[in-house]
Amino acid sequence: MSSQIVSLVVNGEPREFIAKPGTTLLAVLRDSLGLTAAKRGCAQGSCGTCTVLVDDRPVTACLIAVETVSGASVRTLEGVAAGGDLDEVQSAFVDNFATQCGFCTAGMIMVAEALLDRDPNPSQEDVAEAISGNVCRCTGYQPIMIAILDAARRRRGDSPEPVPTSEETVSREETVSR
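From a predicted model like this one, the values you see are computed outputs, not experimental measurements.

Engineer: Residues and numbers for the overall build of the chain, please.
Structural biologist: Assigned secondary structure in the chain consists of six helices and five strands. Ordered by position from N to C terminus, the α and β elements of the chain give β-β-α-β-β-β-α-α-α-α-α. Every one of the 178 residues in the chain was classed for burial, and the buried ones make up 44%. A sequence separation of at least 24 residues applies to 58% of the contacts in the chain between residues at least 6 apart. When the accessible surface of the chain is summed, it comes to about 9,000 Å², and 49% of that surface belongs to carbon and sulfur atoms.

Here you go:
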């Protein structure tokens, strides 16, 4: 098969490029478009470090052949901050110490963005399920869950209230095994 022209809207901007069949969305984002927030991790779709939103749904970009999403809207971490200001999710991750090495952070934030776009008031269980496809080897899941719940509160404009502490937050293993 020969290369083909692929059109996408990436972070609100129309983009067109030539891609060989089977070229992954991740390769195009990183290598052709210079958007490097989504990371190459396992290359098998199981770690979530490459998660981006395609038509507002989280996908592992390492598994998606770019020609299969031609015409779609793609949002990466680079497209989250408006005018250089962090959005609620990004701010909550920083404020709640939900990052450590940062390798998983872009994927976690993109999953959180998708969750909060469809459910502005998620439960702890909803958050645990949403991030279940993303692996964090440093921070652990509790600070991430706390940050996402805090971001939900911020987006709703609720007055500050205590966010569940690590002890009050259901661990990922307990929630996933239910």
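Read on for the rest.
Engineer: Got a sec to walk through the pattern of salt bridges? Specific residues and values, please.
Structural biologist: By the definition in use, this model includes 12 salt bridges. A salt bridge links Asp-31 to Arg-40; the shortest N-O distance between them is 2.7 Å. For Asp-31, a relative accessible area of 55% corresponds to the exposed category. On the basis of relative accessible area, Arg-40 is assigned to the partly exposed category, the value being 44%. The network of salt bridges with common partners includes Arg-75, Asp-87, Glu-88, Glu-113, Asp-117 and Arg-155.

Engineer: Give me the pairing of strand β2 (residues 13–19): which residues, what numbers.
Structural biologist: Pairing geometry for strand β1 (residues 4–10) and β2, over seven bridges, is antiparallel. Bridging across to β2, Val-9 finds its partner in Pro-14. Counting the residues between successive antiparallel strands, the hairpin from β1 to β2 contains two residues, one of them, Asn-11, with a positive phi of roughly 55°.

Engineer: A description of the packing of helix α2 (residues 88–95) against helix α3 (residues 105–118) should follow, citing residues and the corresponding values.
Structural biologist: Direction vectors running N to C along α2 and α3 enclose 130°, while the axes themselves pass 10 Å from each other. In terms of orientation, α2 and α3 fall into the oblique class. For the crossing formed where α2 meets α3, the hand is right-handed. Where α2 abuts α3, its residues Val-89, Gln-90 and Phe-93 lie against Thr-105, Met-108, Ile-109, Ala-112, Glu-113 and Leu-116. Classifying every residue of the contact of α2 with α3 by side-chain character gives six nonpolar, two polar and one charged.

Engineer: I'd like a rundown of α3, residues and numbers included.
Structural biologist: With 14 residues, α3 should reach 20 Å at 1.5 Å per residue; the first-to-last C-alpha distance of 20 Å fits that figure. Most of α3 is tucked away, with 12 of its 14 residues classed as buried. Of all the residues in α3, the buried ones are Thr-105, Ala-106, Gly-107, Met-108, Ile-109, Met-110, Val-111, Ala-112, Glu-113, Ala-114, Leu-115 and Leu-116. Its buried side turned inward, α3 meets β3 (51–54), β4 (57–60), β5 (73–75), α2, α4 (124–130) and α5 (142–156).

Engineer: Tell me about the packing of α2 against α5, and name the residues and values.
Structural biologist: Contact pair α2 / α5: the axes reach a minimum separation of 8 Å and the direction vectors enclose 135°. When the axes of α2 and α5 are compared, the pair comes out oblique. Between α2 and α5 lies a crossing of right-handed hand. Here α2 contributes Glu-88, Val-89, Ser-91, Ala-92, Phe-93 and Asp-95 to the contact with α5, which in turn contributes Ile-144, Ala-147, Ile-148, Asp-150, Ala-151, Arg-154 and Arg-155.

Engineer: Explain the pairing of β3 to me, using residue names and the numbers behind them.
Structural biologist: For a regular strand, side chains alternate in direction, first toward one face of the sheet and then toward the other. Because side chains alternate across β3, one face comprises the buried residues Thr-51 and Leu-53, and the other comprises Val-52 and Val-54, equally buried. Pairing geometry for β3 and β4, over four bridges, is antiparallel. Bridging from a neighbouring strand, Leu-53 pairs with Pro-58 of β4. One ladder, built from two bridges, connects β3 with β5; its direction is antiparallel. Within β5, the residue paired with Val-54 across the bridge is Val-74.

Scoring rules and cut-offs
Residues numbered from 1 in each chain as written. Predicted model: local features only at pLDDT ≥ 70, side-chain atom pairs only at ≥ 80, totals over all residues. Heavy atoms only, no water. Helix = DSSP H or I, 4+ residues; strand = E, 2+ residues; numbered from the N terminus. Buried < 20%, exposed > 50% of the residue type's maximum accessible area, 1.4 Å probe, protein only. Contact = heavy atoms within 4.5 Å. Areas by Shrake-Rupley, 256 points an atom, 1.4 Å probe, with all protein chains shown as cover. Salt bridge = Lys/Arg side-chain N within 4 Å of Asp/Glu carboxyl O. Pairing = 2+ DSSP bridges. Axes fitted to C-alpha atoms, helices over the stretch in contact; angles between N-to-C directions. Parallel < 35°, antiparallel > 145°, perpendicular 65-115°, else oblique. Left-handed = near helix turned anticlockwise from the far one by under 90°. Nonpolar A, V, L, I, M, F, W, Y, C, P; charged D, E, K, R; others polar. Expected span 1.5 Å × (residues − 1).

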